[in-house]
Amino acid sequence: MSIDSPPPSAKILFMDDEPDVCRIGRLVLTHLGYDIVIVHDGEAAIREFQNARSAGQPFAAALLDLTIRGGMGGIEALQHLQSIDPSFKAVASSGFSDGGNKRNYADHGFTAIVPKPYEIATMAAALSQVVG
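Small disclaimer: the values here were computed from a predicted structure and weren't measured.

S.K.: Would you mind showing me how to read the environment of aspartate 85 here?
M.R.: Relative to the assigned elements, aspartate 85 resides in the loop between α3 (74-84) and β4 (90-94). For the pair aspartate 85 and arginine 53, spaced 32 residues apart in sequence, the C-alpha separation works out to 9.9 Å. Residues contacting aspartate 85, with those up to four places away along its chain left out, are Phe49 and Arg53. Of note is the side chain of aspartate 85, whose polar atom sits 3.5 Å from the side chain of arginine 53.

S.K.: What is the right way to read the pairing of β4 from this model?
M.R.: One face of the sheet, then the other: side chains in a regular strand alternate in exactly this way. β4 sits mainly inside the fold: five of its five residues count as buried. Side chains Ala90, Ala92 and Ser94 of β4 all project onto a buried face; the interleaved residues Val91 and Ser93 project onto the opposite face, where all are buried too. The pairing of strand β3 (residues 61-65) with β4 spans four bridges and is classified as parallel. Bridging across to β4, leucine 63 finds its partner in valine 91. Taking the sense of rotation as the criterion, the β-α-β connection linking β3, α3 and β4 turns out right-handed. With four bridges connecting them, β4 and strand β5 (residues 112-115) associate as parallel partners. Among the inter-strand pairings, alanine 92 is bridged to a residue of β5, identified as isoleucine 113.

S.K.: Quick question: what am I supposed to make of the packing of aromatic side chains here?
M.R.: Centre-to-centre distance and the angle between the planes together describe a pair of aromatic rings. Under the criterion given, the structure shown has two aromatic pairs. The interplanar angle of 70° and the centroid separation of 4.7 Å between the aromatic rings of phenylalanine 49 and phenylalanine 88 together place this pair among those described as edge-to-face. Of this pair, phenylalanine 49 sits in helix α2 (residues 42-54) while phenylalanine 88 is found in the loop between α3 and β4, placing the two residues 39 residues apart along the sequence. Pair check on accessibility: phenylalanine 49 and phenylalanine 88 agree, each one buried. Across from the ring centre of phenylalanine 59, 4.7 Å away, lies the NZ or CZ of lysine 11, which sits over that ring.

Analysis parameters
Residues numbered from 1 in each chain as written. Predicted model: local features only at pLDDT ≥ 70, side-chain atom pairs only at ≥ 80, totals over all residues. Heavy atoms only, no water. Helix = DSSP H or I, 4+ residues; strand = E, 2+ residues; numbered from the N terminus. Contact = heavy atoms within 4.5 Å. Polar contact = N/O pair within 3.5 Å; in protein donor to acceptor, adjacent residues only side chain to side chain. Buried < 20%, exposed > 50% of the residue type's maximum accessible area, 1.4 Å probe, protein only. Pairing = 2+ DSSP bridges. Right-handed = clockwise from strand over helix to strand, strands pointing away. Phe/Tyr/Trp six-rings, centres within 6.5 Å; stacked < 30°, edge-to-face > 60°. Lys NZ or Arg CZ within 6 Å of the ring centre and 35° of its normal.

Now the structure itself:
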């Protein structure tokens, strides 16, 4: 996938607890041509995931923040999502050091990782690995 030609109608579940990050994420992902649904914690991600599947409009992938203050983060959320659909793919997102979690994102079921602050080319490359 190039930056200018995303898959048609690919729907991405985007989870982050920071309003500014959500705004930037929406701008970057819509610029890349994705349909985006934003949630602020893992519980909401699971609900949206299940609702989308029930409606016959499942997400192509998710971009999940590893650390959610006061809520379920990306690692636990992905475990739940993959218990529903073992083939579901996600990109980890983090602005913190997150120690081993950030370095070993694949050990937690993530296909790729994008650091914050987001860059369009990095986001496009990561999502092409999961939506491809």
